[in-house]
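Residue strings, one per chain:
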Amino acid sequence: MASNDQCIICGNGQFALISNEIREGEEEVLQCDECGFVFLKDFERVRYEEDYGSLTLDEAWDYETQLLQRAKSLKRATNFIVDICEKLRYKKLIEIGSGIGASIFSVKDLLPDTNIDCVENNKRLRSHLEKRFNGTKAYKEIDDVNDTYDLVFGIQVFEHFPEPLSELKKIEKILNKRGRLY
């Protein structure tokens, strides 16, 4: 999105403020009045490749405590992902914007035979994710992914994309023929 004057999905110029904060701090979250697309007002200034912190995690906690606490907050979403995988017999997943790895942890806990890779912009987290979840590949960008997946999912991530339509086109390339996006 080059500016916040027009919705990049439908071109509408009217937005509603739906929140003044995200878990990382004060940020305006807007929603298009026409199509309902949700995005951060000033997403360009957030540097995801750096540690931008999280209000849901205490810096004094070790990594495992942070992982478990975040997993609790994502329980509903990860249970839904598990249900999809069980129903459609999906075994190969990739998460966009995995952060600390709470979703990977929860899904692997319930479906240990599932292979989950991820896309995470933060360099430190990518390294940690590959070490913590043996067999998980952590990519910096969707463009770096050279495989296809049964399920591509992202939890609270699309509002961070400057060009979500472009990202959707990239995601389409890494979905296998019977794959789904959640």
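See the structure printed just above.
Reference entry: report on the structure contained in this document. Computed from a predicted structure; not experimentally measured.

**So, the sheet that holds strand β4 (residues 92–96)**
- Sheet architecture is open: five strands sit in the order β6-β5-β4-β7-β8, paired in parallel fashion. Edge strands, defined here as strands with exactly one partner in the open sheet, are β6 (138–139) and β8 (175–181).
- Pairing between β4 and strand β5 (residues 115–119): five bridges, direction parallel. Directly across from Ile-96, in β5, lies its bridge partner Val-119.

**Some words on the nonpolar core**
- Residues Ile-81, Cys-85, Leu-93, Val-107 and Leu-151 are the most contacted members of the largest nonpolar core, which totals 24 residues.
- Of all the elements in the fold, those that place two or more residues in this core are α1 (63–73), α2 (75–88), α3 (102–110), β5 and β7 (149–153).
- Looking at which element gives the most residues to this core, the answer is α2, with five residues.
- Once residues lying within four places of it in the same chain are set aside, the contact partners of Leu-93 are Ile-81, Cys-85, Val-107, Thr-114, Asn-115, Ile-116, Asp-117, Tyr-149, Leu-151 and Phe-153.
- Counting residues in hydrophobic clusters, the runner-up holds 13 residues, among them Tyr-139, Val-145, Ile-171 and Leu-175.

**Examining the packing of aromatic side chains**
- Following the criterion strictly, the structure yields one aromatic pair and no others.
- Judged by centre distance (4.9 Å) and plane angle (40 degrees), the rings of Phe-80 and Tyr-182 are tilted. Note that Phe-80 is positioned in helix α2 and Tyr-182 in the segment after β8, a separation of 102 residues in sequence.
- For Phe-80, a relative accessible area of 42% corresponds to the partly exposed category.
- On the basis of relative accessible area, Tyr-182 is assigned to the partly exposed category, the value being 35%.
- Positioned above the aromatic ring of Tyr-149, the side-chain terminus of Lys-92 is 5.4 Å from the ring centre.

Thresholds, definitions, all that
Residues numbered from 1 in each chain as written. Predicted model: local features only at pLDDT ≥ 70, side-chain atom pairs only at ≥ 80, totals over all residues. Heavy atoms only, no water. Pairing = 2+ DSSP bridges. Helix = DSSP H or I, 4+ residues; strand = E, 2+ residues; numbered from the N terminus. Core = buried A, V, L, I, M, F, W, Y, C linked by side-chain atoms within 4.5 Å. Buried < 20%, exposed > 50% of the residue type's maximum accessible area, 1.4 Å probe, protein only. Contact = heavy atoms within 4.5 Å. Phe/Tyr/Trp six-rings, centres within 6.5 Å; stacked < 30°, edge-to-face > 60°. Lys NZ or Arg CZ within 6 Å of the ring centre and 35° of its normal.

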